[in-house]
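Understanding the architecture of this molecule
Below are the chains, spelled out letter by letter.
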Amino acid sequence: MTSRKTPRTPNDRSSSKEGEKPELANIEDVERQKEQVETRLSRFTKEEEEAVIRKLDWHLMPLIFVLYSLSVLDRSNLGNAKIAGMQKDINIGGNRYAWLGMIFYISYILFQWTQMGWKVFPPHRWVAFAVLFWGTVSTVQAACTSWEGLMVCRFLLAIPEAMYGPAVPLYLSFFYPRERLGLRVGLFLSGSALANAYGGALAYGISQARGVIHAWRILFLVEGLPTVALAGVAWFWLPDSPSKAKFLSDRDREIAIELSFRQPGDRTSDKFQWKQAIGALLDYRSYLPPLIYFGPFTLIQSNGLSAPPYVLCFISIVTCAFISDRVGVRGPFVAGARLVAAIGYILLATQTIVAVRYFGIFLATIIFTSVALTLSWVSNTHATDSKRAAGLAILATGGQCGPVLGTNIFPPQEGPFYRKGMWISCGACLLVFVLATLQSFLLWKENQRRDRKYGKQRDTTYIPVQDELGNDKYFRFVI
């Protein structure tokens, strides 16, 4: 296979003033790069590329989807366990139940940096360890006899879940071009919607069981043990990179490698580039997304009626992610989803009619569509894998502060309507609508500036990294 080249020109160290025409050397460099790309891609037909992408989809996405569904199920099963009778055996009255939710998210925030391990260690080992870790802790909750024991388990459970879910978009970027990433991230994150949909039904069924072991303990066992079993599957099933995808033929593997190069990244190195991570910390574009990601807050009780809204949420995530990939933008979909959710929260805050409030829940769950697309958006905002990993860590660290707040804005004494919490949620959605619009504008302006300075080169294939902080003049942002 032809090695990846990094074209350089004497013009790399020069600059032009705003408003000036792009320098001749830059234009020649761009044309030379286009010719190299066309030469390399001419070896494969479009049909061959599509066939390889389908093989990647069928091999990667089902396991990633199932693992994330179990992750969400294991973290959210506390509410289901409460409904199944946990409060009869363990004192979770007063603020104790809220603290069980809060301690999880405190730990989840503190350990967001661990997601960079996807780039430091072989991904199949990293995932298998994380899955075994959270599956074991989730199962052990069934043996807890005190609130203190549950607190320890909830703190520990958050560590491996922080290691897995937030960085799956980074892992997918190892395999897919940037214009194909949104749908795959949407499919992965839609596991959250389905987990919430069938989690309530599962809890209801188990709660009806009568036996020696109490129903809430059975719930933890039923949801934790399958996760432990899947750790072994992850070890042997997930490839570390396209070049190590044993399920592909030699030619398919070569095509997969070429496809991966169309996603900007430091593909020439398997090591984590710490200076590029610092580049993400120094990039102002890393700090609006955590505010956009902030939340969501939700108080949808786990029961049969919670399933239909989450099914709609699943459909919304997949549909919007697909269209977003097709049109090549993220921001308008993020902003639009939050606006729809804001309308839902307004209905929940102002209405008492059951049917109207139930319709409001349908609209409020659309908030998760913006979460899925924000993850894709951040992945498209950084030019290298290491910088992308740090950007996703920043996103999740700031964004997960929302659920911590969410555990406190729906106090039991304000039920059953929780008007204050609904208005706070509505305000947060409207704020995100403004911030997503602002981020889109800032990225658009930066693209315009780079076009004026370096020429209108928007093809991100085989981007050469220009400095050790992961910045590159050829990179253009997805707005």
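Residues numbered from 1 in each chain as written. Predicted model: local features only at pLDDT ≥ 70, side-chain atom pairs only at ≥ 80, totals over all residues. Heavy atoms only, no water.

**As for the overall build of the protein**
Let me state the cut-off plainly: Only DSSP runs of H or I reaching four residues or more are called helices, and only runs of E reaching two or more are called strands; each is numbered from the N terminus. Each residue is placed in one exposure class: buried if its accessible area under a 1.4 Å probe, protein chains only, is under 20% of its type's maximum, exposed if it is over 50%, and partly exposed if it falls in between. In this description, contact between two residues means that some pair of their heavy atoms is separated by no more than 4.5 Å. Exposure was quantified through the Shrake-Rupley algorithm and a 1.4 Å probe, taking into account, for residues, occlusion by the shown protein chains and nothing else.
Along the backbone of the protein there are 19 helices and zero strands. Classification of the 479 residues of the protein by burial places 57% in the buried group. In the protein, the share of contacts with a sequence separation of at least 24, taken over all contacts with a separation of at least 6, comes to 82%. As displayed, the protein offers around 20000 Å² of accessible surface, 66% of which is attributable to carbon and sulfur atoms.

**As for the packing of aromatic side chains**
Rules: Think of it this way: a Phe, Tyr or Trp ring, Trp meaning its six-membered ring, pairs with another when their centres are within 6.5 Å, and the plane angle makes it stacked under 30 degrees, edge-to-face over 60, tilted otherwise. For a lysine, the NZ atom is tested; for an arginine, the CZ atom; a charge sits over a ring if that atom is within 6 Å of the ring centre and within 35 degrees of the ring normal.
One pass over the structure, following the stated rule, counts 18 aromatic pairs. Members of the aromatic cluster, connected to one another through ring pairs, are Trp118, Trp134, Tyr164, Tyr171, Phe174 and Phe175. Across the ring face of Phe417, the terminal group of Arg419 is positioned such that the distance to the ring centre comes to 4.8 Å.

**Observations regarding the confidence of the model for the protein**
Definition in use: One confidence number per residue, pLDDT, is output by the predictor and ranges from 0 to 100.
Summarising the model, the protein shows a mean pLDDT of 82, and 84% of its residues fall at 70 or more. For residues 1-20, every residue scores under 50 in pLDDT, and the model assigns this stretch 40 contacts once sequence neighbours within four places are set aside.

**Side note on the packing of helix H13 (residues 307-327) against helix H15 (residues 354-364)**
What counts is decided by this rule: All axes are obtained by fitting lines to C-alpha atoms, using only the stretch in contact for helices, and the reported angles, taken between N-to-C directions, cover 0 to 180 degrees. Note: crossing handedness is left-handed where the near helix turns anticlockwise from the far helix by less than a right angle, and right-handed where it turns clockwise. When residues are grouped by polarity, Ala, Val, Leu, Ile, Met, Phe, Trp, Tyr, Cys and Pro land in nonpolar, Asp, Glu, Lys and Arg in charged, and all others, Gly among them, in polar.
Remark: H13 packs on H15, axes separated minimally by 8 Å, with the N-to-C direction vectors making an angle of 30°. Regarding H13 and H15, the two cross each other, and that crossing is right-handed. Contacts between H13 and H15 pair Pro308, Pro309 and Leu312 from the former with Tyr358, Ile361 and Phe362 from the latter. Residue composition of the contact of H13 with H15, by class: six nonpolar, no polar and no charged.

**Quick look at the environment of Ala307**
The residue Ala307 is located in helix H13 in this model. For Ala307, a relative accessible area of 19% translates into the label buried. Spatially, the C-alpha atoms of Ala307 and Asn196 are 7.0 Å apart, while their sequence positions differ by 111 residues.

**Let's talk about helix H10 (residues 250-261)**
We apply this condition: To estimate the expected span of a helix, subtract one from its residue number and multiply by 1.5 Å.
A rise of 1.5 Å per residue sets the reference length of H10, with its 12 residues, at 16 Å; its end C-alpha atoms lie 17 Å apart and thus fit the reference within 8%. Of all 12 residues in H10, nine are buried, a share of seventy percent or more. When H10 is considered as a whole, its buried residues turn out to be Asp252, Arg253, Ile255, Ala256, Ile257, Glu258, Leu259, Ser260 and Phe261.

**Details of the nonpolar core**
Selection criterion: Definition of nonpolar core: a set of buried residues of the types Ala, Val, Leu, Ile, Met, Phe, Trp, Tyr and Cys, connected through side-chain atoms within 4.5 Å.
One finds Ile64, Trp118, Tyr164 and Phe188 to be the most contacted residues of the largest nonpolar core, which totals 107 residues. With 13 residues, the top contributor of residues to this core is helix H2 (residues 46-83). Ignoring sequence-local partners within four residues, the contact set of Ile64 consists of Tyr164, Val168, Tyr171, Leu172, Phe188 and Leu238. One finds Ala335, Ala383, Phe475 and Phe477 within the second-largest nonpolar core, a separate group that totals 16 residues.

**What to know about a nonpolar patch on the surface**
This is how it is decided: A patch is a set of surface residues, each over 30% in relative accessible area and not in a salt bridge, joined within 9 Å for like charges and within 5 Å for the nonpolar side chains Val, Leu, Ile, Met, Phe, Trp and Tyr. Each reported salt bridge corresponds to a side-chain nitrogen of Lys or Arg within 4 Å of a carboxyl oxygen of Asp or Glu.
A cluster of nonpolar side chains, Ile278, Leu281, Leu282 and Tyr287, forms an exposed patch at the surface whose accessible area comes to about 410 Å². Mapping Leu282 onto the fold places it in helix H11 (residues 274-282). What makes Leu282 exposed here is its relative accessible area of 65%.

**Digging into the side chain of Asp252**
Note that Asp252 resides in helix H10. Ignoring sequence-local partners within four residues, the contact set of Asp252 consists of Val52 and Lys55.

**Comments concerning the pattern of salt bridges**
Within the structure shown, the criterion is met by 16 salt bridges. Here Lys55 ties to Asp252 by a salt bridge, and the two come within 2.5 Å at their closest N and O atoms. Of this pair, Lys55 sits in helix H2 while Asp252 sits in helix H10; the two residues are 197 residues apart in sequence, bridging distant segments of the chain. Taking relative accessible area as the criterion, Asp252 reaches 13% and is therefore assigned buried. Residue Arg253 is joined to Asp250 by a salt bridge in which the shortest nitrogen-to-oxygen separation is 3.1 Å.

**Examining the packing of helix H3 (residues 96-110) against helix H6 (residues 147-164)**
Applied cut-off: Any angle between 65 and 115 degrees counts as roughly perpendicular, while under 35 counts as roughly parallel, over 145 as roughly antiparallel, and the rest as oblique.
Between H3 and H6, the shortest axis-to-axis distance is 7 Å and the interhelical angle comes to 30°. It follows from the interaxial angle that H3 and H6 lie roughly parallel. Of the two possible hands of crossing, H3 and H6 adopt the one that is right-handed. Every residue of H6 that contacts H3 at Arg96, Trp99, Leu100, Ile103, Phe104, Ser107 and Tyr108 is listed here: Trp147, Glu148, Leu150, Met151, Arg154, Phe155, Leu157, Ala158, Ile159, Glu161 and Ala162. Residues of the contact of H3 with H6, tallied by class, amount to 13 nonpolar, one polar and four charged.

**Looking at helix H9 (residues 215-237)**
In this model H9 runs 33 Å from its N-terminal to its C-terminal C-alpha over 23 residues, within 8% of the 33 Å that 1.5 Å per residue would give. All buried positions along H9 are accounted for by Ala215, Trp216, Arg217, Leu219, Phe220, Glu223, Gly224, Thr227, Leu230, Ala231 and Ala234. On the buried face of H9, the contacting elements are H2, helix H5 (123-140) and helix H8 (178-207).

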